[in-house]
Amino acid sequence: MEKDVLPLCEMDLLQRFSTLKAMAFDMDGVLTDGGLWILPEGEWVRRMHIRDGYALQAAVKEGYPVMVISVSASSPVEQRLRNLGVTEVHMGVADKLACMLDILSGHRIDPGDCLFMGDALPDLECVRTAGIGCCPADAASEVREASEYVSPFSGGEGCVRDVIERVMRSRGGWSHADEVKSL
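Fair warning: this is a prediction, and the values are worked out from it, not measured in the lab. (Residues numbered from 1 in each chain as written. Predicted model: local features only at pLDDT ≥ 70, side-chain atom pairs only at ≥ 80, totals over all residues. Heavy atoms only, no water.)

Chemist: Which parts of the structure should I look at to understand the overall build of the protein?
Modeler: A count of helices and strands for the protein gives 8 helices and 8 strands. Taken over 183 residues, the protein has a buried fraction of 49%. The contacts in the protein between residues at least 6 apart in sequence include a share of 59% that link residues at least 24 apart. With an accessible surface of roughly 8900 Å², the protein has 50% of that area assigned to carbon and sulfur atoms. (Helix = DSSP H or I, 4+ residues; strand = E, 2+ residues; numbered from the N terminus. Buried < 20%, exposed > 50% of the residue type's maximum accessible area, 1.4 Å probe, protein only. Contact = heavy atoms within 4.5 Å. Areas by Shrake-Rupley, 256 points an atom, 1.4 Å probe, with all protein chains shown as cover.)

Laid out in structure tokens, this is it:
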């Protein structure tokens, strides 16, 4: 199920951003910078950017279904996402596309009305299937080539905020400074 990927002028892409009804993101390499600190006890520690957290929370408050779908799992990351209001947090997922399609079906949203941002080969089918496939600046070359929008920001450095802000601004939103709780 692969959609045609054609170069779009910025105005066409802005118009397409305005029609999106849901947003889905990979975790490692998108919400995090992809690096791991491995502590002596064996715990893995990831780094997330506060700007991305702000944007996720703003999108949830605006009523967008926001999904995080990851092959790996991290209880602290899951807790952070849930604290931001993200209820669709799916970790340890072997088939990301099936998971995304199942969640969208549950929300009665067509995949063409969803944005997916991923950075690595396990994200490729979701990037190709979503209405707008996106990736961070430092994504794998195959994912960059399949994406309709490549953020100028790297994974874990504000790329999620970039796409959420673009979607919300395209619909006249993005004025949540007073509504967003402490991050």
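Chemist: Explanation requested: the packing of aromatic side chains in the structure shown.
Modeler: One pair of aromatic rings is described through two measures. These are the centre distance and the angle between the planes. In the structure shown here, the tally under the stated rule is 2 aromatic pairs. Judged by centre distance (5.7 Å) and plane angle (80°), the ring pair of Phe 17 and Tyr 149 falls under edge-to-face. Taken together, the residues Phe 17 in helix H1 (residues 10-17) and Tyr 149 in strand S8 (residues 149-150) connect sequence positions 132 residues apart. For Phe 17, a relative accessible area of 2% puts it in the buried group. On the numbers, 5.5 Å between centres and 80° between planes, the contact of Tyr 54 with Trp 174 is edge-to-face. Taken together, the residues span a long stretch of sequence, with Tyr 54 in helix H3 (residues 50-61) and Trp 174 in the segment after helix H8 (159-170) at a distance of 120 residues. The residues Tyr 54 and Trp 174 share a single accessibility class, namely buried. (Phe/Tyr/Trp six-rings, centres within 6.5 Å; stacked < 30°, edge-to-face > 60°.)

Chemist: Explanation requested: a nonpolar patch on the surface in the structure shown.
Modeler: On the surface, a nonpolar cluster with roughly 320 Å² of combined accessible area is contributed by Leu 36, Ile 38 and Trp 44. With respect to the helices, strands and loops of the structure, Ile 38 is situated in strand S2 (residues 37-38). (Patch = residues over 30% accessible without salt bridge, like charges linked within 9 Å, V, L, I, M, F, W, Y side chains within 5 Å. Salt bridge = Lys/Arg side-chain N within 4 Å of Asp/Glu carboxyl O.)

Chemist: Just checking my understanding: could you explain the pairing of strand S6 (residues 114-117) for this structure?
Modeler: Regular strands place side chains that alternate from one sheet face to the opposite one. What you see with S6 is no split at all: Cys 114 and Phe 116 on one side and Leu 115 and Met 117 on the other are buried throughout. Sheet topology note: the strand S1 (residues 22-25)/S6 ladder contains 4 bridges and is parallel. Residue pairing for S6: Met 23 is matched across the bridge by Leu 115. In terms of strand pairing, S6 meets strand S7 (residues 132-135) through 3 bridges, oriented parallel. Of the residues in S7, the one forming a bridge with Met 117 is Cys 134. For the crossover that starts at S6, traverses helix H6 (residues 124-129) and ends in the parallel S7, the hand is right-handed. (Pairing = 2+ DSSP bridges. Right-handed = clockwise from strand over helix to strand, strands pointing away.)

Chemist: When you look at the side chain of Asp 26 in this model, what are you seeing that I'm missing?
Modeler: Inspection of the secondary structure puts Asp 26 in the loop between S1 and helix H2 (27-31). A polar side-chain atom of Asp 26 sits 2.7 Å from a polar atom in the side chain of Lys 96. (Polar contact = N/O pair within 3.5 Å; in protein donor to acceptor, adjacent residues only side chain to side chain.)

Chemist: I'm lost on the environment of Tyr 54 in this one. Help?
Modeler: On the accessibility criterion, Tyr 54 (18% relative accessible area) is buried. Remark: the alpha-carbon pair of Tyr 54 and Ile 164, spanning 110 residues in sequence, is separated by 9.9 Å.

Chemist: Sorry, what's going on with the side chain of Ser 147 here?
Modeler: Looking at where Ser 147 falls in the secondary structure, it is placed in the loop between helix H7 (141-146) and S8. Classification of Ser 147 by relative accessible area gives buried; the value is 9%. Polar side-chain contacts of Ser 147 include one of 2.7 Å to the backbone oxygen of Val 143.

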